[in-house]
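The chain contents come next:
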Amino acid sequence: MIVKKAVVFAEAAHRGAVRKGTGIPYITHPMDTAVIAASITKDRELIAAAVLHDVVEDAGITEQELEEAFGKRVACLVMAETEDKTKSWLERKSATLEHLKTATLDEKILVLADKLSNIRSTARDYLMLGETFWNRFNEKRKSLHSWYYEGVAEELADLADYPQYQEYVALCKLVFHDQQIFLGDGK
């Protein structure tokens, strides 16, 4: 019930928003994040937090509204994943990496689900667009995105046995180190 409620809430909060540089409805990202989280855990509150993880940061929902609708734990998980958009890109990403040093397992699972969803989209678009892909972001330097995504991998290394973590690392190598991924028969 809580996951379905979170989906309805997030869809309303993100209605009309699209993924950066695309026409893809934004809600696809929180839904993908939730699917990834659900492939790691059966914790319904954690999966609901995955659906809701961007509603404060990107849709103007308050922590209090989240807590009233979904309880303290879900609100705390979302807030642990929420960046302060009044800060610069570099400040926000540095704060995320610093937080991951002391994050709980549940917070790390939420971050892994979010970042895996993001790197999947990044890899797909990067393979189609090449280096011009980076122009869609406020921070256009590939080297800084690499620093951040690889820093996340380092801080999530205690999840290294999870196949979702291994996929994340492989996609980072593809995007940031131009390593080829061969599918099927290797051709």
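For the structure, check the block above.
Residues numbered from 1 in each chain as written. Predicted model: local features only at pLDDT ≥ 70, side-chain atom pairs only at ≥ 80, totals over all residues. Heavy atoms only, no water.

What about the overall build of the protein chain?
Tallying secondary structure elements over the protein chain gives 10 helices and zero strands in all. Going from N to C terminus, the protein chain has its helices and strands arranged as α-α-α-α-α-α-α-α-α-α. Referenced to the eigenvectors of the C-alpha coordinate spread, the extents of the protein chain come out at roughly 50 × 35 × 30 Å. The buried share among the 187 residues of the protein chain stands at 45%. The long-range share in the protein chain, meaning contacts at least 24 apart out of those at least 6 apart in sequence, stands at 68%. A total accessible area of about 9800 Å² is found for the protein chain, and carbon and sulfur atoms account for 55% of it. Put simply, the protein chain has 24 plus and 30 minus side-chain charges, and the middle of one group is 4 Å from the middle of the other. (Helix = DSSP H or I, 4+ residues; strand = E, 2+ residues; numbered from the N terminus. Buried < 20%, exposed > 50% of the residue type's maximum accessible area, 1.4 Å probe, protein only. Contact = heavy atoms within 4.5 Å. Areas by Shrake-Rupley, 256 points an atom, 1.4 Å probe, with all protein chains shown as cover. Lys, Arg positive; Asp, Glu negative; His and termini not counted. Charge placed at Lys NZ, Arg CZ, Asp CG, Glu CD.)

A word on the nonpolar core
Membership of the largest hydrophobic core comes to 53 residues, with the highest contact counts inside it found for Leu52, Leu66, Ile119, Val152, Leu156 and Tyr168. If one sorts the elements of this core by residue count, helix 8 (residues 105-129) sits on top with nine residues. Residue contacts for leucine 66: discarding those within four places in its chain leaves Phe9, Leu52, Val55, Val56, Ile61, Gly71, Ala75 and Val78. (Core = buried A, V, L, I, M, F, W, Y, C linked by side-chain atoms within 4.5 Å.)

Quick look at the side chain of histidine 53
Looking at where histidine 53 falls in the secondary structure, it is placed in the loop between helix 3 (44-52) and helix 4 (55-59). Residue classification places histidine 53 among the buried positions, given a relative accessible area of 0%. Polar contacts involving the side chain of histidine 53 include one to the main-chain carbonyl oxygen of alanine 50, which spans 2.7 Å. (Polar contact = N/O pair within 3.5 Å; in protein donor to acceptor, adjacent residues only side chain to side chain.)

Considering the packing of aromatic side chains
Going through the model one piece at a time under the given rule, you end up with 12 aromatic pairs. Seen in terms of ring centroids, tryptophan 134 and phenylalanine 137 are 6.1 Å apart; in terms of plane orientation they differ by 35 degrees. Their pairing is tilted. Phenylalanine 137 matches tryptophan 134 in its accessibility class, with the two residues each being buried. With a centroid separation of 5.8 Å and an interplanar angle of 35 degrees, the aromatic rings of tyrosine 149 and phenylalanine 176 are classed as tilted. Of the two residues, tyrosine 149 is situated in helix 9 (residues 142-155) and phenylalanine 176 in helix 10 (residues 163-177); the sequence distance between them amounts to 27 residues. Residue classification places tyrosine 149 among the buried residues on the basis of a relative accessible area of 9%. (Phe/Tyr/Trp six-rings, centres within 6.5 Å; stacked < 30°, edge-to-face > 60°.)

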